[in-house]
Amino acid sequence: VEAASMSRARVSALFEKMGGKKESYEVKLYSGLDHSVSMEELNDVVAFLKRVIPQESVEPKVNGDPTMMTVKELKQAIEQAGLEKQARGMMEKSELVNLLITYLNRKGLE
């Protein structure tokens, strides 16, 4: 507990020195992680990076009708559109096509 308080104090001092706001960071402790990493910690790092790094807006490259695209082209367009989470677990080409068409219709890009 004392080490945790010291860590929080060090992070706070460093962050203030760098001109940061206290609301923009959180010091977390992960029990049992002396010299290793856990999925909880990695998930927190990903969430932090998504929060502090502005998301680049990239329009998916769609050449013509999505139903005529290859699976590779569909996956690239889905990645560019930031739809990886929604596509996770999709096995059929038709599912990928429907996801991309729905996205394009919402964005008015088709």
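Residues numbered from 1 in each chain as written. Predicted model: local features only at pLDDT ≥ 70, side-chain atom pairs only at ≥ 80, totals over all residues. Heavy atoms only, no water.

Colleague: Any chance you could explain the overall build of the protein chain here in plain terms?
Modeller: Counting its regular elements, the protein chain contains 5 helices and 0 strands. Out of the 110 residues belonging to the protein chain, those deemed buried represent 18%. The long-range fraction of contacts in the protein chain, counting pairs at least 24 apart against all pairs at least 6 apart in sequence, stands at 33%. In the form shown here, the protein chain has an accessible surface area of approximately 8900 Å², with 54% of it arising from carbon and sulfur atoms. (Helix = DSSP H or I, 4+ residues; strand = E, 2+ residues; numbered from the N terminus. Buried < 20%, exposed > 50% of the residue type's maximum accessible area, 1.4 Å probe, protein only. Contact = heavy atoms within 4.5 Å. Areas by Shrake-Rupley, 256 points an atom, 1.4 Å probe, with all protein chains shown as cover.)

Colleague: Is there a simple way to think about the side chain of Ser 38 in this case?
Modeller: Looking at where Ser 38 falls in the secondary structure, it is placed in the loop between helix H1 (2-17) and helix H2 (39-52). Engagement of the side chain of Ser 38 in a polar contact is seen with the backbone nitrogen of Glu 41, the distance being 3.1 Å. Setting aside residues up to four positions removed in sequence, Ser 38 forms contacts with Tyr 30 and Leu 33. (Polar contact = N/O pair within 3.5 Å; in protein donor to acceptor, adjacent residues only side chain to side chain.)

Colleague: Help me out: how do you make sense of the nonpolar core in this one?
Modeller: If you look at soluble globular proteins, the nonpolar side chains tend to sit buried side by side. Leu 74, Ile 78, Leu 83 and Leu 100 are the most contacted members of the largest nonpolar core, which has 13 residues in total. Listing elements by their share of this core, those giving two or more residues are helix H3 (71-80) and helix H5 (93-107). With 6 residues, H5 is the largest single contributor of residues to this core. If sequence neighbours within four positions are ignored, Leu 100 has contacts with Val 62, Pro 66, Met 69, Leu 74 and Ala 77. (Core = buried A, V, L, I, M, F, W, Y, C linked by side-chain atoms within 4.5 Å.)

Colleague: Sorry if this is basic, but what is going on with H5 here?
Modeller: Along an α-helix, residues three or four apart share an orientation, since each turn contains 3.6 residues. For H5, built from 15 residues, the straight-helix expectation of 21 Å at 1.5 Å per residue is met to within 8% by its first-to-last C-alpha distance of 21 Å. All of the buried residues along H5 are Leu 96, Val 97, Leu 99, Leu 100, Tyr 103 and Leu 104. The buried residues of H5 occupy an angular sector of 165° when the element is viewed end-on, so they sit on one face. Where H5 is buried, its residues contact H3 and helix H4 (84-87). Positive backbone phi, at 70°, marks Gly 108, one or two positions downstream of H5. (Expected span 1.5 Å × (residues − 1). Arc of directions from axis to C-beta.)

Colleague: How should the packing of H3 against H5 be read in this particular structure?
Modeller: Relative orientation and spacing of two packed helices are given, respectively, by the angle between their axes and the distance between those axes. Between H3 and H5, the shortest axis-to-axis distance is 10 Å and the interhelical angle comes to 35°. Seen from above, H3 lies across H5 with left-handed handedness. Residues Val 71, Leu 74, Lys 75, Ala 77 and Ile 78 of H3 lie in contact with H5, whose contacting residues are Lys 93, Leu 96, Val 97, Leu 99 and Leu 100. A breakdown of the residues in the contact of H3 with H5 according to their chemical character gives 8 nonpolar, no polar and 2 charged. (Axes fitted to C-alpha atoms, helices over the stretch in contact; angles between N-to-C directions. Left-handed = near helix turned anticlockwise from the far one by under 90°. Nonpolar A, V, L, I, M, F, W, Y, C, P; charged D, E, K, R; others polar.)

Colleague: Looking at this model, I keep getting lost on a nonpolar patch on the surface. Mind explaining?
Modeller: On the surface, Val 45, Phe 48, Leu 49, Val 52 and Ile 53 cluster together to form a nonpolar patch covering roughly 400 Å² of accessible area. Among the structural elements, Phe 48 can be located in helix H2. (Patch = residues over 30% accessible without salt bridge, like charges linked within 9 Å, V, L, I, M, F, W, Y side chains within 5 Å. Salt bridge = Lys/Arg side-chain N within 4 Å of Asp/Glu carboxyl O.)

Colleague: Please clarify how the environment of Leu 74 should be interpreted in this entry.
Modeller: With respect to the helices and strands, the residue Leu 74 is situated in helix H3. Exposure remark for Leu 74: the relative accessible area of 0% places this residue in the buried category. Once the C-alpha coordinates of Leu 74 and Lys 93 are considered, the two residues, 19 residues apart in sequence, prove to be 8.3 Å apart. Excluding residues within four positions of it along the chain, Leu 74 makes contact with Pro 66, Met 69, Lys 93, Leu 96, Val 97 and Leu 100.

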